[in-house]
Amino acid sequence: MSEQTSSISLEQNEQFLKKAYGKALIPCMLSILSGNINILADGILVGQRLGADALAAINFSLPVYLVLCIAGSFIVSGTAICAAGAIGNHQGKKAQELYKMSVFWCVFISAVVTAAGLLCIKPLAGLLCSQEAVSPLVMEYTGVTLAGALPRILIYIPFWYLRLDGRNRQVTWMMLVMGAGNVMLDVLFLYVFDMGVSGAAFASVMATAVSCLLGFVWLCDKKSSFSLGMRVNCRDVSFVCIAKAGSPSALNNLFQTLRVMVVNILLLQNGGSGLVAAFTAVNCIGAFEESVTGGVPQAASAMLGVYSGEHDNKSACLLLTRQVRSGVPYCLLFSIVILAGADFIAGAYGLTDSLRFAFLCMSFGMIPALCNCILSGYYNVSGYAMWANAIILLRVFVMPCASLFVLCRQSCSPWWFLFTGEVLTLLVWFAATGVYRHFHRRCSRFLLMDQTLEETGRVINFSVRGKEEDICDASSKITVFCEENGMLPGQVMRVSLAMEEMMTLILSENGEEGVEFDLRVYSLEGVIGIRIRYSGREFNPLCRTEDKGQTGADALGKEAGNCDMYMGIRMIEDMVETAMYQRTFGMNTIQIYI
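I will try to describe carefully the structure that is included in this document.

**Observations regarding the overall build of the protein chain**
Secondary structure summary: the protein chain contains 23 helices and five strands in total. Here the C-alpha coordinates of the protein chain stretch approximately 85 × 50 × 45 Å along the principal axes. Evaluated residue by residue, the protein chain yields a buried proportion of 54% over its 594 residues. Residue pairs at least 24 apart in sequence account for 76% of intrachain contacts in the protein chain once pairs closer than 6 positions are excluded. For the protein chain, the computed accessible surface area is about 26000 Å², with 63% contributed by carbon and sulfur atoms. Across the protein chain, the mean location of the 42 positive side-chain charges is 4 Å away from that of the 46 negative side-chain charges.

Below, the structure written as structure tokens:
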């Protein structure tokens, strides 16, 4: 290694990732939290106003609601994850096609479910509930829910694609509108208009529809990267790929339902209805736990999808580390709150037995649960959907139910299953990755990353502050890398000047605002790729005109030929195979292939 290389000590740090991830974390956690508060408040209002039969009818109708959730999450998460990978591969048109494909299939599935459900409403209600007093209420609630299937399924599109666009605050507002709207409409329809159980269903459907409409308004505005439309399929992306990407989200909802059923049966056999009632309260608080264990990885899903598309292992590892560092304090805070309020929660549910030990076991299991959710989220967006599904199957259903069965047989406290299910999943994952690594030597042990470029020294990642002296150091580091990977001296000089010029333009465009750069340079099959990702306002230094559709030398030279400040960019026109700009998850990205 030359002396010049050793003098340039720029390394990739977490500053850029921390800023980008921090913008997504709190909104994502609040989105999940507001949804759970909505469910809790809805149940309390219905129970207080309409009584136990109406509340039971809503619970019996839960499978219909879950089917809609499974359909929406399966279609939209599958296309959104594939779209994130396409963006990482700088295939913006493919991402657009996937977005339009999700719109078509959500509308189509909604129509099919609504028509089939309403045609079979009577046998469906009888299947859900056989009690004569409750079955008519089930049919009433289920009918309204099926009639409103479209917004229920369609709402997943703005929920996923706004986050992919870096607009997490809008997602939070969507969820707040849905939650607050549902509660207000419940009060209006139940207490003012006295509409009964159908009023509760109308409140839920209308609040979801308003939230969904608001999300699509934001997705269609000038700031959006996506244009509304419909497509049956997407070129170069099969339904199998979309199904693999969407399966973890759908299976998580399915296994959650199955777990509640099995746990209720086991607890009823070993502790009676009192223990089942206690689990109802614990399970409700466990849903709030998802705002941390589920919100932390969801906030990173769009960024991880792009990094996986770019095969940027270093950035992905830093982002995974950032998730753990961000999530652990929230886990500890949540644990303190539920332990301190254990007696109050038990009293609110009318329970005489303390829930303190149950919440203690839940607290012990939160950090392992966070790790499991981070791993399953990473595997899902990085193309290892089977690994994600396996973790979800183990942690949500198999390990908790198996643990509870053994604990009941051994006359131990059943609440330990809240901890043992998560830990056993991590142990199985640890062993399975060791076996996989034995047969796939090119992959890393735990994250299964292909590290060929890193091991051969053909890639560098580093971060740069928005300072002129740091920009000069970054340009020098790119120069050294290009020299070591066979670029001619004259070409090296031109590339160095162009990179320095681009970053200086970005810095001047943002004025006094702080700018962080995250750079990646790699050599693959005779092509050198340079990726510059930077914070700040939307700005494309490759082309100052309104024509954002150009790439390559045309984009580089559109206006550069008329201005000396673009001299460096103009000098590399004949060397550039592709040059493109895009804005993803609220950040700017330039990709150049030389």
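**A look at the pattern of salt bridges**
This structure, assessed with the given rule, holds nine salt bridges. The residue Asp 450 makes a salt bridge to Arg 442 at a minimum N-O spacing of 3.3 Å. A salt bridge links Arg 465 to Asp 470; the nearest nitrogen and oxygen atoms lie 2.7 Å apart. Given the relative accessible area of 9%, Asp 470 is considered buried. Three or more residues joined by partner-sharing salt bridges are found here, namely Asp 312, Asp 518, Arg 520 and Arg 531.

**Concerning a nonpolar patch on the surface**
Taken together, the side chains of Val 187, Leu 188, Tyr 191, Val 192 and Phe 193 define a hydrophobic patch exposed on the protein surface, amounting to about 440 Å² of accessible area. Structurally, Tyr 191 can be placed in helix H10 (residues 168–192).

**Quick word on helix H9 (residues 156–164)**
The element H9 is extensively covered by neighbouring structure, given that nine of its nine residues are classed as buried. The complete set of buried residues in H9 reads Tyr 156, Ile 157, Pro 158, Phe 159, Trp 160, Tyr 161, Leu 162, Arg 163 and Leu 164. Once H9 ends, the next one or two residues include Gly 166, with phi positive near 80 degrees.

**Thoughts on the nonpolar core**
Counting 110 residues, the largest nonpolar core has Leu 98, Ile 157, Tyr 161, Leu 355, Phe 359, Tyr 379 and Trp 415 as the members making the most contacts within it. Ranked by residues supplied to this core, first place goes to helix H12 (residues 239–293) with 15 residues. Those residues within four positions of Tyr 161 in sequence are excluded, and the remaining contacts are Val 76, Thr 79, Ala 80, Ala 83, Leu 98, Tyr 99, Ser 102, Leu 219 and Phe 226. Within the second largest apolar cluster, 36 residues are counted, among which are Val 464, Ile 478, Met 503 and Val 515.

**Points about the packing of aromatic side chains**
Here the structure, examined in full by the defined rule, presents 21 aromatic pairs. Taking 6.2 Å as the distance between ring centres and 70 degrees as the angle between the ring planes, the aromatic pair formed by Phe 364 and Phe 419 counts as edge-to-face. Of this pair, Phe 364 sits in helix H16 (residues 356–381) while Phe 419 sits in helix H18 (residues 417–439), placing them 55 residues apart in sequence. The exposure class of Phe 419 is partly exposed, given its relative accessible area of 25%. Pairwise contacts between aromatic rings join Tyr 378, Tyr 379, Tyr 384, Trp 387 and Tyr 436 into one cluster. The ring of Trp 160 is capped by Arg 163, whose NZ or CZ atom sits 4.8 Å from the centre of that ring.

**Topic: the environment of Cys 373**
Note that Cys 373 resides in helix H16. Expressed as a C-alpha distance, the spacing of Cys 373 and Val 292, which sit 81 residues apart in the sequence, is 10.0 Å. With residues up to four places along the chain from it excluded, the contact list for Cys 373 reads Thr 293, Pro 297 and Arg 395.

**Quick notes on the pairing of strand S3 (residues 527–534)**
Most of S3 sits out of view: seven of its eight residues are buried. Bridge analysis of strand S2 (residues 516–524) against S3 gives eight bridges, and the strand direction is antiparallel. Residue pairing across strands places Leu 524 opposite Val 527, the latter belonging to S3. Taking the residues between adjacent antiparallel strands as the criterion, S2 and S3 are bridged by two residues, where Glu 525 takes a positive phi near 55 degrees.

Quick notes on the rules
Residue numbers run consecutively from 1 along every chain, following the written order of its sequence. Given that this is a predicted model, residues contribute local features only at a pLDDT of at least 70 and side-chain atom pairs are listed and counted only at 80 or more, while totals for whole chains, interfaces and linings are drawn from all residues. In computing side-chain values, all of the structure's heavy atoms are included and hydrogens and water are not. A run of H or I in DSSP becomes a helix once it reaches four residues, and a run of E becomes a strand once it reaches two; helices and strands are each numbered from the N terminus. When a residue's accessible area, from a 1.4 Å probe over protein chains only, is under 20% of the maximum for its type it is buried; when over 50% it is exposed; and in between it is partly exposed. Note on definitions: a residue-residue contact is assigned when non-hydrogen atoms from the two residues lie within 4.5 Å. Surface exposure here means Shrake-Rupley accessible area, sampled with a 1.4 Å probe, where a residue is shielded only by the protein chains that are shown. Charge convention: Lys and Arg are scored as positive, Asp and Glu as negative, and His as well as the terminal groups of each chain are ignored. Note that the charge is assigned to NZ on lysines, CZ on arginines, CG on aspartates and CD on glutamates. Put simply, a salt bridge is a Lys or Arg side-chain nitrogen that is within 4 Å of an Asp or Glu carboxyl oxygen. A residue counts toward a patch only above 30% relative accessible area and without a salt bridge, and it is joined to like-charged neighbours within 9 Å or, for Val, Leu, Ile, Met, Phe, Trp and Tyr, to nonpolar neighbours within 5 Å. For our purposes a nonpolar core is just a set of buried Ala, Val, Leu, Ile, Met, Phe, Trp, Tyr and Cys residues, chained together by side-chain atoms within 4.5 Å. Aromatic rings from Phe, Tyr and Trp, with only the six-membered ring used for Trp, were paired whenever their centres fell within 6.5 Å, and each pair was classed as stacked if the ring planes differed by under 30 degrees, edge-to-face if by over 60, and tilted otherwise. We call a charge positioned above a ring when the Lys NZ or Arg CZ atom is no farther than 6 Å from the ring centre and deviates by at most 35 degrees from the ring normal. A strand pair is defined by DSSP finding two or more bridges across the two strands.

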